[in-house]
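Each chain is listed here by its residues.
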Amino acid sequence: MSENAARRLVSMFQAISDAVEAEKDHLSELDGAIGDADHGTTMSLGFLAVKAELAKLELDQVQLSDVMATAAGAFLNAVGASTGPLYATAFRRAGQAVAGKTELDLATCAAIIEAMGSGMRERGKGQRGDKTMLDAWLPAADAAAAALAENKGADGFWRDVVASAEAGANATRSMIATKGRAARVRERSLGHVDPGAASSVVILRAMASSLNKAA
Amino acid sequence: MTSKTSSPRKGGASRSGAADTSDAIPLRYGDDPYVWACWLYYEDGMTQGEIADAMGVSRATVNSYLADAREKGIVNISLEPARLASLTIAQELKRHFGLADCLVVPSDDNARPLIDSLGVAGAMALQKLMKSGDTLAVSWGRTVMSVGEHADVQALQDATVVQATGGTTAAFSYTPELCAASIARAIGARCVGITAPAIVKSPEMRQMLLDEPLLQEQFATLAQANRILFGISSLRPNSTIHTSGFFDTVSLQDYLAAGAVGVVAGRFIDERGRPVAGPLDDRTVGISLDMLRRIGTRIAVAGGFDKVPALLAALRGGYVNVLITDAATGHGILRADGVTGLDTRISQRPKLVQTPSSYRTHVKKFLNNPNEVVEEMLDGVVRAHRDYIEPINGSHRALLAKSGPRPGKVGLVIGGGTGHEPCFLGYVGKGLADAVAVGNIFSSPPPDPIVQCAVAASGGEGVLFVYGNYAGDVMNFEMAAEIAEEKGIKVRTVLTTDDIASSPIEDREGRRGVAGNFFIFKIAGAACDRGLSLDACEAVTRKANLRTYTVGVALEPCSMPQTRRHNFEIGPDDMEIGMGIHGEPGVTRERIKPADDITDAIMDNIFKEMKATAGDRVAVLVNSFGATPLMELYILYRRVAQRLAAKNIEIEANWIGHYCTSLDMVGASISILHLDQELTDLLHHPCETAFLRIN
C-alpha cells in the first residue's frame, strides 16, 4: 500500500509541474503588472527541479515524508528569492505532517494542505489579506478541514478546496500588497490578482485532479 | 508679473476715457486687444467696466475679448496639480459611491503628517455639518483624535457628543473617552460617555450591564445621534486594532479566517461590508452596525494605503456617506473598485505618448551573456580583491574574509542581492565582515551559501547575521540560521532598517535597509573584531541601526542587465524622494528642485527623527545610486555640512562616493550615523576591506 501512496504523491508533483508549465506565461504576465514578470519562470524552474529529483527516488522503498522532504530540498535549491523558502517550508511541514502515514486518503490530503498553508504563514510571517499565496492556501486548508468534518466524498472535498482557493485568489484583486516585491508598487497592485495566489490555484487544481482521479 | 510699482488700478482708472480707439493700445501689448484686455483683467485686477473705459470699447466687447482669449489659449487657468487631483478624486468618489459629500486632502503635503491633514479636514467637515441641537456619536482612533485636536466650532447650541463604544484601557492616547471628550470640547458640546468596557468577558456580563439604568440612559442618547464621526481600522499588523490591544490576537485570527478586512466602530466587516460574525459579537458594548447605518450623517475620516480594503468595504456596506481621506487612498479605493480612466484626468500635464526612455528602447551596457552577469562579475571580484576575500569551497556565492575569522571571535555574516556593489562584498575583510552570501540581481541568496558563510565565519563564539530588511532576505537568512543552529552554531540576527522614508516611525521595524548598511556593518565588524561577546556585538549593532538615518532621492530609474530596459519610470521633470535601492516607491514624487532644496528636504526628514543636540557628533555618508557623479555628491555634501554646522553638530567622519548602489540609477542618498562614545570608538577601529580601509 505504501508504495502505491508514494507513487501517487510523486505523480501529483508531476501533474503540478505539467500544470505550472502550461500556465507559465500567464503567471509571468500577472507578475509583470506588479512584480518583475518572473513568477511563471520561477515556479516552472522549481517544479521541474522537484520532478527531476523525485525521479531519482526508489519509489518502492520511500515514505510519503521522504517524497515531501526531497521536493522541499529540490525546490529551495532551484529557486531562492522568496518563493523558494515559502514552498520549501510548505513541503517540509507537509512531510512532517505525513510522517508515518502510509495512505494518501482524504485525511492525509487535508493534513498536507493544512501543513503547507501554515508552513508558508510561519515562514512569510503573513496573514490573510496581505495579497499573497496565503490568500489561496489558508481558505483551501479551511475548506479541506470542513469537508473532512462533514464526511464529504473525494469529489466534494476537492471541489470545496479548489473553489475556496479560487475565491481567495480572486479576492486579492482588491488587496494592497505589503509583502515582497509587489509591496514596492503599493497602490498600483490594486485591481491585479496576486501571481502567487494565482499559481497556488494552479497547484491546488493539479493536486485535485491528480489525487482525486487516482483515489 | 510686471515691474510696475504704482497702484495698477489707479493707473487704469486715470486712463479711462483717454483712449477711444485701438490705435491707443499701449506698445507693449503689440496690436492685440485680447492681450491688453486680459492683462488689465487678470494682472491689474480691473473690473470689466473699468477695462471698457480704459480701452474705449463697450463692456460687452471686453467680455467677449476675455471669453475668446480663453478659447484661443491666450489665457490658461491652472489649478495646482495636487489640489486638482484631490478635487477630481473627491468628485469621483462622491459619484461612484453615491456619497453626500467627500473631502480629499492632497497626499504629498510635506508641510504636515497625513494624520494632521486628515484632522484639519475632519474639523472643516464638522464646522460645515454640525448644527445646534445635533447629537454626534464619536468613535475612537488616532485620526478621530486628530479631528478633535484641530476642530474649533463656535456658536453651536445644545449640541451633544456621545461616545459610540464602551471604554478601553488607557494605555494609549486616543481612547473612546478621550476622543469623545476632545470633540465635545472642540465643538462646545455636552459629552455623554458609555461607562462600561467596550469588550466584556461574557455575553451574560454584557446583558447585565445593558440592563443597568445608567447604561440604558447612555444608550438612549446614542440612539438619538443624528450624526456620527468614526475612523476605520484595517487589520494590518501595525493597525490601531493591533497596537491598542483592543482585541486579543486570538479573536483577531478568528475574524481574519472569516474574511474580515476592517473594523468600523469596533465591529468587523468583510470585503463587501457585511458584518463578520465572531466570538466578540455578544461581548461588545457599543453601537451596532445596524444602528450606525440608520444615522443620517455618517462621517468617516481615514487615510493611508493600508486602509484601502477596509475603506472600500465600509463604503460598499453603506456605513459612510461623508468621506474624508487623502488623494492616494481615494485613488486606491476607486482603482480597487474597478474605476479606470482616472489616471489621465488627474495628471495635469498631457501624457507624452512616448516616455523619454523609449527614445532608445535599450540602455547600453558592457555585457557578454546577460544571463551570466553575476557569475562574470564575481569572477572579476574574486580576481580583483584576492587580498581581502576568497571563495568558500570554491563557490563565488559565498566569500570569506582572508584572516578575518578566528577562534574566540564572533563571526559577522552579511549578504543580499547583487546590483548594489560595493555592497555587500566590498565590506568583507579583517575588522569588518567575515563572510558574504551573494544572491542574484536584487534577489536574496538561498540558504545554502548563507550556511556556508556561517560555518566558515564561526569561531566558536557564535555568528551575527546583519542584512537589510527585505522579505526574501529575511526568509532565506532565517532558514539558514535554523540550519546553522542545527549544526551547533549560535546565530543572532540584526535587520538593518535605516531607510526612514520607507515607513512611518510607528512602523520602524518594517523599514528597509539601504546605504546606512555601511555604518551598521562597520560598527558590527569592529565589535566582533574586538572580541566582544555575541550579546554585546548584537546590542551595539542594534544601537547603530537605531541611530542611522537614511533618505534617498532618485532622478532616473535603473535598468536590469537581462532586459537593458528601465525597471520603472520617473517623469522627465520629476524626482522621487525616499525611493529605495530597488526602485521601491518613496514618500513623494515631485518636480525636481535645486540641489540645496533637495538636501534640505532630506535633512529635514532626518532631523525630525534624530534627536541630536549642539555638540553631538555624527558620521555622514553621501552615496551615489550608481550613475550620479562625485561632482554632484560634493554639492549635496556641502549643504549637509552647512545644515549640520547650523545646529552645531560636529562631523566626526565622512564618506562620499559609491557605497550602496542600485545598478545605473541616477540619484543619491544621505545617511547620518548619530554617534556616541562607544560608536565613535568602533567607527575608528581598523579594518581592511576592498572598499573601506581604516588603520
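Every chain's residues receive numbers from 1 upward, in the order its sequence appears when written. Written order determines the labels here, with chains lettered from A and ligands numbered from 1. Local features in a predicted model are, by the rule used here, given only for residues with pLDDT of at least 70; side-chain atom pairs are given and counted only at 80 or more, and totals for whole chains, interfaces and linings are based on all residues. Where side-chain values are given, they derive from all heavy atoms of the structure, hydrogens and water being excluded.

Q: Where do I start with the overall build of chain B in this structure?
A: From N to C terminus, chain B includes 24 helices and 25 strands. Each residue gets one of three labels from its accessible area relative to the maximum for its type: buried under 20%, exposed over 50%, partly exposed in between, using a 1.4 Å probe on protein chains only. Expressed as a percentage of its 695 residues, the buried residues of chain B come to 55%. It only takes one pair of heavy atoms within 4.5 Å for two residues to be counted as in contact. When contacts within chain B are restricted to residue pairs at least 6 apart in sequence, those whose partners lie at least 24 apart make up 72%. Of the roughly 29,500 Å² that chain B leaves accessible, carbon and sulfur atoms contribute 51%. Secondary structure follows DSSP: runs of H or I at least 4 residues long count as helices, runs of E at least 2 residues long count as strands, and numbering of each begins at the N terminus. For every accessible area listed, the method is Shrake-Rupley and the probe measures 1.4 Å; residues are considered covered only by the protein chains on display.

Q: Which parts of the structure should I look at to understand the sheet that holds strand 19 (residues 574–577) of chain B?
A: To summarise the sheet geometry, strands pair through backbone hydrogen bonds and adopt either a parallel or an antiparallel arrangement. Residues and elements named next belong to chain B. The six strands are arranged 20-19-18-23-21-22 in an open sheet whose pairing can be described as mixed. The sheet is open, and its two edges are formed by strand 20 (588–591) and strand 22 (650–657), each paired on a single side. Averaged over all pairs of adjacent strands, the angle between their axes in this sheet comes to 15°, without regard to strand direction. Across seven bridges, strand 21 (residues 617–624) lies against strand 23 (residues 666–674) in antiparallel orientation. Bridge assignment links Asn623 to a residue of strand 23, and that residue is Ser669. Only C-alpha atoms enter the line fits that serve as axes; for helices the fit covers just the stretch in contact. Angles between N-to-C directions range over 0 to 180 degrees. Along the sheet, helix 23 (residues 630–646) makes contact with strand 21, strand 22 and strand 23, crossing strand 22 at roughly 165°. Only strands joined by at least two bridges in the DSSP assignment are considered to pair.

Q: It is not clear to me how the packing of helix 18 (residues 447–457) of chain B against helix 19 (residues 471–486) of chain B should be interpreted in this structure. Could you clarify?
A: All names here are of chain B. Orientation of helix 18 relative to helix 19, taken along the N-to-C sense of each, is 50°, at an axis distance of 8 Å. In this view, helix 18 runs oblique relative to helix 19, as classed from their interaxial angle. Note that helix 18 runs across helix 19; the crossing there is right-handed. Between helix 18 and helix 19, the contacting residues are Pro447, Ile450, Val451 and Ala454 on the first element and Asn476, Phe477, Met479, Ala480, Ile483 and Ala484 on the second. Ten residue types, Ala, Val, Leu, Ile, Met, Phe, Trp, Tyr, Cys and Pro, are classed as nonpolar, four, Asp, Glu, Lys and Arg, as charged, and the remainder, Gly among them, as polar. When its residues are assigned to classes, the contact of helix 18 with helix 19 shows nine nonpolar, one polar and no charged. Each angle receives one of four descriptions, namely roughly parallel if under 35 degrees, roughly antiparallel if over 145, roughly perpendicular if within 65 to 115, and oblique otherwise. A crossing counts as left-handed when the near helix is turned anticlockwise from the far one by less than a right angle, and as right-handed when that turn is clockwise.

Q: What should I look at first to understand the packing of aromatic side chains in this one?
A: Whether two aromatic rings pair depends on their centres lying within 6.5 Å, for rings of Phe, Tyr and Trp, where Trp uses its six-membered ring; planes under 30 degrees apart make the pair stacked, over 60 edge-to-face, and the rest tilted. Per the counting criterion, the structure on display carries 22 aromatic pairs over all chains. Summarising the aromatic geometry, the rings of Phe518 of chain B and Tyr659 of chain B are spaced 4.9 Å apart at their centres and angled 65° between planes, so their arrangement reads as edge-to-face. Of this pair, Phe518 of chain B sits in helix 20 (residues 517–529) while Tyr659 of chain B sits in the loop between strand 22 and strand 23, placing them 141 residues apart in sequence. Like Tyr659 of chain B, Phe518 of chain B is buried. Ring centres of Phe519 of chain B and Trp655 of chain B lie 6.0 Å apart, and the angle between their planes is 65°; on these two criteria the pair is classed as edge-to-face. Separated by 136 residues along the polypeptide, Phe519 of chain B in helix 20 and Trp655 of chain B in strand 22 bring together distant segments of the chain. Take Phe519 of chain B and Trp655 of chain B: they sit in the same class, and that class is buried. Each residue in the set Phe13, Phe47, Phe75, Tyr87, Phe91 and Trp137 of chain A is aromatic and connected to the rest through ring pairs, giving one cluster.

Q: What am I meant to see in the nonpolar core here?
A: Across soluble globular proteins, nonpolar side chains show a tendency to be buried alongside one another. Residues Ile414, Tyr427, Leu464, Val466, Trp655 and Leu683 of chain B are the most contacted members of the largest nonpolar core, which totals 66 residues. Among the buried residues, those of types Ala, Val, Leu, Ile, Met, Phe, Trp, Tyr and Cys that are joined through side-chain atoms within 4.5 Å form a nonpolar core. Grouped together as the second largest cluster of nonpolar side chains are 63 residues, Leu104, Leu134 and Val202 of chain A together with Met475 of chain B included.

Q: Would you take a moment to explain the pattern of salt bridges for this structure?
A: Residue and element names in this part refer to chain B. The salt bridge criterion pairs a side-chain nitrogen of Lys or Arg with a carboxyl oxygen of Asp or Glu, the two atoms within 4 Å. Applying the stated criterion to the full structure yields 38 salt bridges over all chains. When the shortest N-O distance is used, the salt bridge between Arg95 and Glu92 registers 2.5 Å. Taken together, the residues Arg95 and Glu92, both in helix 5 (residues 81–97) and three residues apart, mark about one turn of the helix. Overall, the relative accessible area of 57% leaves Arg95 in the exposed class. For Glu678, the salt bridge is made with Lys543, and the minimal N-O distance between the two is 2.5 Å.

Q: Would you explain the environment of Lys487 of chain B in this entry?
A: Residues and elements named next belong to chain B. For Lys487, the position within the fold is in the loop between helix 19 and strand 17 (491–496). With a relative accessible area of 52%, Lys487 lands in the exposed category. Taking the C-alpha atoms as reference points, Lys487 and Val451, 36 residues apart in sequence, are found 9.5 Å from one another. Those residues in contact with Lys487 that lie beyond four places of it in its chain are Val451 and Val455.

Q: Got a minute to help me understand the interface of chain A and chain B in this structure?
A: Accessible area lost upon the coming together of the parts is a frequently used measure of interface size. Listed by partner, the interface residues are 30 residues for chain A and 33 residues for chain B. Interface of chain A and chain B: buried area, both sides summed, is about 2,800 Å²; carbon and sulfur atoms make up 55% of it. On the surface where chain A and chain B come into contact, there are three salt bridges. Residue Glu482 of chain B pairs with Arg123 of chain A through a salt bridge whose shortest N-O separation is 3.1 Å. In protein, a polar contact means a hydrogen-donor-capable atom and an acceptor-capable atom, both N or O and within 3.5 Å, with residues adjacent in sequence counting only if both atoms are side-chain atoms; elsewhere, any N or O pair within 3.5 Å suffices. Linking chain A with chain B are four residue pairs in polar contact (both at pLDDT 80 or more), by the criterion used here. When contributions to the side of chain A that touches chain B are tallied by element, the ones reaching two or more residues are helix 4 (83–97) and helix 5 (106–124) of chain A. Two parts placed together each lose some accessible area under a 1.4 Å probe, and adding up what both lose gives the buried area.

Q: Sorry, what's going on with the sheet that holds strand 5 (residues 227–230) of chain B here?
A: Residues and elements named next belong to chain B. One open sheet holds the seven strands; their spatial order is 1-10-9-5-2-3-4, and the pairing between them is parallel. In the strand order of this sheet, the two ends are held by strand 1 (101–105) and strand 4 (190–192), each with one partner. Across this sheet, the average inter-strand angle for adjacent strands is 15°, counted without regard to direction. Where strand 3 (residues 160–163) lies against strand 4, three bridges are found, and the strand directions are parallel. Looking at the pairing, Thr160 lines up with Arg190 of strand 4. Where helix 8 (residues 176–187) meets the sheet, its contacts fall on strand 2 (135–138), strand 3, strand 4 and strand 5, and the angle it forms with strand 3 comes to roughly 175°. Across the sheet, helix 10 (residues 213–224) lies against strand 2, strand 3 and strand 4, angled at about 115° from strand 3, the strand it touches most.

Q: Would you explain the packing of helix 4 of chain A against helix 5 of chain A in this entry?
A: Each pair of packed helices can be described by the angle between their axes along with the distance between the axes. Residues and elements named next belong to chain A. Close contact between helix 4 and helix 5 brings their axes to 7 Å; oriented N to C, the two are set at 135°. Put simply, helix 4 runs oblique to helix 5. Seen along the crossing, helix 4 lies across helix 5 with a hand that is right-handed. For the pair helix 4 and helix 5, contact is made by Pro85, Leu86, Tyr87, Thr89, Ala90, Phe91, Arg93, Ala94 and Ala97 and by Ala111, Ile112, Ala115, Met116, Gly119, Met120, Glu122, Arg123 and Gly124, respectively. When the residues that make up the contact of helix 4 with helix 5 are grouped by side-chain class, the tally is twelve nonpolar, three polar and three charged.

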